[in-house]
Amino acid sequence: MKLFPQRLAVRAVLLAGVTAAALSMSGPAWANKVFVSNEKGNTVTVIDSATWEPVAEFPAGNRPRGIGISPDGKHLYVCASDDDTIKVFDAETHDFLWQLPSGPDPEFFVLSPDGSELFVSNEDDNLVTVVDTAKKSVLAEIPVGVEPEGMAVSPDLKYVVNTSETTNMAHFISTDDYKIKYNVLVDQRPRYARFTNDGTKLFVSSEIGGTVSVINMLGENGPELEAKIGFEVPGVQPEWLQPVGMRITSDNKWLFVALGPANRVAVVDVNSHEVVRYILVGQRVWQLEFTPDEKYLITTNGNSNDVTVIDVAEQEAVKSIQVGQQPWGVAVAPN
């Protein structure tokens, strides 16, 4: 059975009081709902990107972390980690609809491009669980390395990638038979994986190793390690530079990397692998997400209980918004 049945410089200063006019935040063409999972608050905060103000908050189960939206924008998926399930909400009304089997302690997931499959990392059982979102049933359980964490789907739909924190590997799982085809060793405690839009490179962040590994998807013998990106911020201790969440612009030009307790987002040139800027954000920055037009990037800052809005073109932080207790993940509804 196929996995996809349809195959289809530190310049920034936080400006919490920036006006809507200064941010050019008007007009319905780009306004979106921003959903933020609050890990300790057990809620999801909803932000209106037209005003960058919180407009709602609703309960989302115990310890909500990974969060995402169906491709049609109708359903919001939330990993309720301590409930051992994935809760599904109506993205418009915020009503709870149903839950999906996820395996124990789901932390993070990725959806297939058509939204028919959901791939969940189960840290406690060293598994990746594949869920049929329509049938609400488990399609497969794939044994991987110790403490699986990050998930990514290659643009050509050929691989699902999982990172295992203790094994320190990126596992490349075939979408044809759910088997691991390649393993690439990276630095200590890999957290997240992100493909370039053309699928030629995969970036893997290593939280304790303090690096981002660059994996060449066009290697003669399969995916192979090409380079490692390090980070250095004056006045910040090296052990605080902990790469976690990442996002890449669709033109494959810029990689944005959340650096955890360093309270910075690094901006990396995708082609040269050089860090060109560090953007100051809130405390313990964890996850990142673009608005659909990639005009803004939203970060979740777990220890300051806020999110930061970054102007992508200017590569500067322009707004801080208070949310719930210990924000973890962020998802933005499509237009």
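This write-up is about the structure you can find in this document. (Residues numbered from 1 in each chain as written. Predicted model: local features only at pLDDT ≥ 70, side-chain atom pairs only at ≥ 80, totals over all residues. Heavy atoms only, no water.)

Moving on, we come to the overall build of the chain. Looking only at helices and strands, the chain features zero helices and 28 strands. A globule of 335 residues ought to have a C-alpha radius of gyration of about 20 Å, and the chain, at 18 Å, matches this closely. Considering only C-alpha atoms, the chain reaches an extent of 50 × 45 × 35 Å along its principal axes. Counting every position in the chain, which comprises 335 residues, the buried fraction comes to 59%. Total accessible area on the chain is roughly 13,000 Å²; 47% of this is exposed by carbon and sulfur atoms. Averaging the positions of the 26 positive and the 44 negative side-chain charges in the chain gives two centres separated by 1 Å. (Helix = DSSP H or I, 4+ residues; strand = E, 2+ residues; numbered from the N terminus. Rg over C-alpha atoms; globule rule 2.2 N^0.38 Å. Buried < 20%, exposed > 50% of the residue type's maximum accessible area, 1.4 Å probe, protein only. Areas by Shrake-Rupley, 256 points an atom, 1.4 Å probe, with all protein chains shown as cover. Lys, Arg positive; Asp, Glu negative; His and termini not counted. Charge placed at Lys NZ, Arg CZ, Asp CG, Glu CD.)

All right, on to the sheet that holds strand S4 (residues 64-69) then. Spatial strand order, S4-S5-S6-S7: four strands in an open sheet with antiparallel pairing. Edge positions in the open sheet fall to S4 and strand S7 (96-101), since each of these has one partner strand only. Adjacent strand axes in the sheet meet at a mean angle of 25° when their direction is disregarded. When strand S6 (residues 85-90) meets S7, the two strands line up antiparallel, connected through five bridges. What sits directly across from Thr 85, in S7, is Pro 101. (Pairing = 2+ DSSP bridges. Axes fitted to C-alpha atoms, helices over the stretch in contact; angles between N-to-C directions.)

This next bit is on the side chain of Asp 105. The residue Asp 105 is located in the loop between S7 and strand S8 (106-111) in this model. Taking relative accessible area as the criterion, Asp 105 reaches 10% and is therefore assigned buried. Looking at Asp 105, its side chain comes within polar contact range of the side chain of Arg 65, at 3.0 Å. Excluding residues that lie within four positions of it along the chain, Asp 105 makes contacts with Arg 65, Ser 81, Asp 84, Ser 121, Asn 122, Glu 123 and Asp 124. (Polar contact = N/O pair within 3.5 Å; in protein donor to acceptor, adjacent residues only side chain to side chain. Contact = heavy atoms within 4.5 Å.)

This part is about the sheet that holds strand S10 (residues 127-132). A sheet is described by the order of its strands in space; here four strands give the open sequence S8-S9-S10-S11, paired in antiparallel fashion. Strands with a single pairing partner mark the edges of an open sheet, and in this sheet they are S8 and strand S11 (137-143). Looking at each pair of strands side by side, their axes are set apart by 25° on average, direction ignored. Of the strand pairs in this sheet, strand S9 (residues 117-122) and S10 are connected by six bridges, and their pairing is antiparallel. Looking across to S10, one finds that Leu 118 is bridged to Val 131.

Bear in mind that shape data such as this cannot, by itself, settle questions of function.
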